[in-house]
Amino acid sequence: MINILISDKLGTAGLEMLDQAEDARYDMKTGLSKEELIAIMPEYDGLIIRSGTQADADLLAAGTKLKVVGRAGIGVDNIDIPAATERNIVVMNTPGSNSVATAEQTMTLMLAVSRHTVAAHNSLAAKEWNRSQFAGGELHGKVLGIVGFGRIGHLVSERAQAFGMTVVAHDPFVKAEDAAKVNVSLVDLDDVFAQADYLTLHTAVTPETTKMIDGEAIRKMKEGVIIVNVARGKLIDEAALADALNSGYVKAAAIDVYTSEPPADDNPLLNASNVLHTPHLGASTVEAQRNVATQVVSQVLDCIRGTETRNAVNNLS
Ligand code: MLT
């Protein structure tokens, strides 16, 4: 019997698939400490996680039977991939399954931060009627700079163009001619910074991209730029962005992700001017959670059964 541990909350559609599998069983145990997880890890052939569980080298070492870690979602920055590879453990994610949700959250935040939606709501809820205070800006006619032109970047670009935006993007792994086919100019990172009225990040955290939006990068941007981050908090030097917001150089920011989550009480962005905050909701739609749950369960079962390994992010020799 295949034994699977689910250590973060997973959509019910995925649990139902496991209930129906005759050769598999699972335990869903969320909110366990690292020590508690390590203590039970030896029982399991597969581990399914979201972003809450740190699948670090210690946890993977405790998984003496572990064959696969399935990430219900895209980001694998909470998994020690070299440690998994060393132990012959497949690491897989579910690309595509929550991309639409993330692109829609990006558009939601761009619009809401431009039209002061939350502040206007709070003002009316406080029985005020301040129409002039909340005059906003339009996306139409503006330049959107996209850093990371993969699946989500493409979906954001399609939607932004429907709003009348011009899109420039930077991605070292994409060819300029492919971007041109979808009306996007692929340019150097500094050119994205220089041209963007709105800047949105859709890239993974790597040593090269960590804190890529720092004081120096911000100084290359237009004064009055609006920055949106639904990718990963570690892409931004939060103190530098807070300074730029407080000085007014960056007009506004919409932030869904933080260096540590939940953000520490002294996270400088929490008290910075003109920030719209959401608690890592990019992939939080009913549809995306159903998609990631069923996709990760199907992939993990197929991998352990030896039928097929899909969307592995490490290479086992
Ligand atoms: C992802 O990487 O798929 C998203 O950030 C959502 C999540 O962390 O669950």
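Given the structure is predicted, the values throughout are model-derived calculations rather than measurements.

**Topic: the overall build of the protein**
No. 1: Within the protein one finds 12 helices and 12 strands.
No. 2: Referenced to the eigenvectors of the C-alpha coordinate spread, the extents of the protein come out at roughly 65 × 50 × 35 Å.
No. 3: Counting across all 317 residues of the protein, residues that qualify as buried make up 47%.
No. 4: For the protein, contacts bridging at least 24 residues in sequence account for 60% of all contacts bridging at least 6.
No. 5: Total accessible area on the protein is roughly 15,200 Å²; 50% of this is exposed by carbon and sulfur atoms.
No. 6: Each charge class in the protein can be summarised by its mean position, and for the 27 positive and 40 negative side chains these summaries are 4 Å apart.

**Description of unusual backbone geometry**
No. 1: With omega at -5°, the peptide bond leading from E261 into P262 counts as cis.
No. 2: Mapped onto the secondary structure, P262 falls in the loop between β11 (250-255) and β12 (275-277).
No. 3: Phi at K211 is positive, roughly 55°, even though this residue is not glycine.
No. 4: Inspection of the secondary structure assignment puts K211 in the loop between β9 (198-201) and α10 (215-219).
No. 5: Since its relative accessible area comes to 46%, K211 is described here as partly exposed.
No. 6: Despite not being glycine, N311 shows a phi value in the positive range, around 55°.

**Topic: helix α7 (residues 151-162)**
No. 1: Under the 1.5 Å per step criterion, the end-to-end length of α7 is 17 Å for 12 residues, consistent within 8% with the ideal 16 Å.
No. 2: Looking only at α7, the buried set comprises I152, G153, L155, V156, S157 and A160.
No. 3: Against α5 (99-114), β6 (143-147), β7 (166-170), β8 (184-186) and β9 lie the buried residues of α7.

**Quick notes on the domain arrangement of the protein**
No. 1: What the domain assignment lists for the protein is domain 1 (2-95 + 286-305) and domain 2 (99-277).
No. 2: For domain 1 and domain 2, the distance between their C-alpha centres works out to 31 Å.
No. 3: On the side of domain 2, 5 residues touch domain 1, which itself brings 6 residues to the contact.
No. 4: Summed over the three residues of domain 1 that lose the most area to domain 2, namely I74, D77 and P95, the buried surface amounts to 71% of that side.
No. 5: D77 is the salt-bridge partner of R232, the closest N and O atoms lying 3.0 Å from each other.
No. 6: Taken together, the links from domain 1 to domain 2 amount to 1 residue pair in polar contact (both at pLDDT 80 or more).
No. 7: Within the side of domain 1 that touches domain 2, the residues separate by chemical class into 3 nonpolar, 1 polar and 2 charged.

**Observations regarding the site of the ligand**
No. 1: In the neighbourhood of the ligand, the contacting residues comprise R50, S51, R71, G73, I74, G75, N98, R232, H280 and A283.
No. 2: In the model, an oxygen atom of the ligand is placed 2.8 Å from a nitrogen or oxygen of the R232 side chain.
No. 3: The side chain of H280 places a nitrogen or oxygen atom 2.8 Å from an oxygen atom of the ligand.
No. 4: If the ligand stood free it would expose 260 Å²; the protein chains cover 92% of that surface.

**A word on the pattern of salt bridges**
Pairing is possible between side chains of opposite charge, provided their charged atoms come close.
No. 1: Under the defined criterion, the tally for this structure stands at 13 salt bridges.
No. 2: Across the pair K222 and D197 runs a salt bridge, and its minimum N-O distance is 2.9 Å. Of this pair, K222 sits in the loop between α10 and β10 (225-229) while D197 is found in the loop between α9 (189-195) and β9, placing the two residues 25 residues apart along the sequence.
No. 3: The closest approach of N and O atoms between R305 and D302, which form a salt bridge, is 3.7 Å. Taken as a pair, R305 and D302 lie in helix α12 (residues 286-305) at a separation of 3 residues, close to a single helical turn.
No. 4: With relative accessibility at 39%, the residue R305 sits in the partly exposed group.
No. 5: Among the charged side chains, a salt-bridge network with shared partners connects D23, D302, R305, E308 and R310.

**Let's talk about the nonpolar core**
No. 1: If you look at the biggest cluster of nonpolar residues, it comprises 29 residues, and the most contacted ones within it are L199, I213, M221, I227 and L241.
No. 2: At 4 residues, helix α11 (residues 238-247) tops the list of elements feeding residues into this core.
No. 3: When sequence neighbours within four positions are dropped, the list of residues in contact with I227 reads L199, I213, M221, I236, L241, V250, A252, A253 and A254.
No. 4: Formed by 26 residues, the second largest nonpolar core is a distinct cluster that contains A103, I146, A179 and V184.

**Concerning α11**
No. 1: Residues of α11 that are buried include every one of E238, A240, L241, A242, A244 and L245, and no others.
No. 2: In this fold, the buried residues of α11 make contact with α10, β10, β11 and β12.
No. 3: The N-cap of α11, judged by a side-chain oxygen 3.2 Å from the amide nitrogen of A239 a few residues on, is D237.
No. 4: In the segment just after α11, G248 is the residue with positive phi, at about 90°.

**Quick word on the pairing of β9**
No. 1: Here β9 shows no split at all, with Y198 and T200 on one side and L199 and L201 on the other all buried.
No. 2: With 4 bridges joining them, β6 and β9 adopt parallel strand pairing. Directly across from G145, in β9, lies its bridge partner L199.

Conventions and cut-offs
- Residues numbered from 1 in each chain as written.
- Predicted model: local features only at pLDDT ≥ 70, side-chain atom pairs only at ≥ 80, totals over all residues.
- Heavy atoms only, no water.
- Helix = DSSP H or I, 4+ residues; strand = E, 2+ residues; numbered from the N terminus.
- Buried < 20%, exposed > 50% of the residue type's maximum accessible area, 1.4 Å probe, protein only.
- Contact = heavy atoms within 4.5 Å.
- Areas by Shrake-Rupley, 256 points an atom, 1.4 Å probe, with all protein chains shown as cover.
- Lys, Arg positive; Asp, Glu negative; His and termini not counted.
- Charge placed at Lys NZ, Arg CZ, Asp CG, Glu CD.
- Expected span 1.5 Å × (residues − 1).
- Domains from an automatic or database assignment.
- Buried area = accessible area lost by both parts, 1.4 Å probe.
- Salt bridge = Lys/Arg side-chain N within 4 Å of Asp/Glu carboxyl O.
- Polar contact = N/O pair within 3.5 Å; in protein donor to acceptor, adjacent residues only side chain to side chain.
- Nonpolar A, V, L, I, M, F, W, Y, C, P; charged D, E, K, R; others polar.
- Near = heavy atom within 4 Å.
- Core = buried A, V, L, I, M, F, W, Y, C linked by side-chain atoms within 4.5 Å.
- Pairing = 2+ DSSP bridges.

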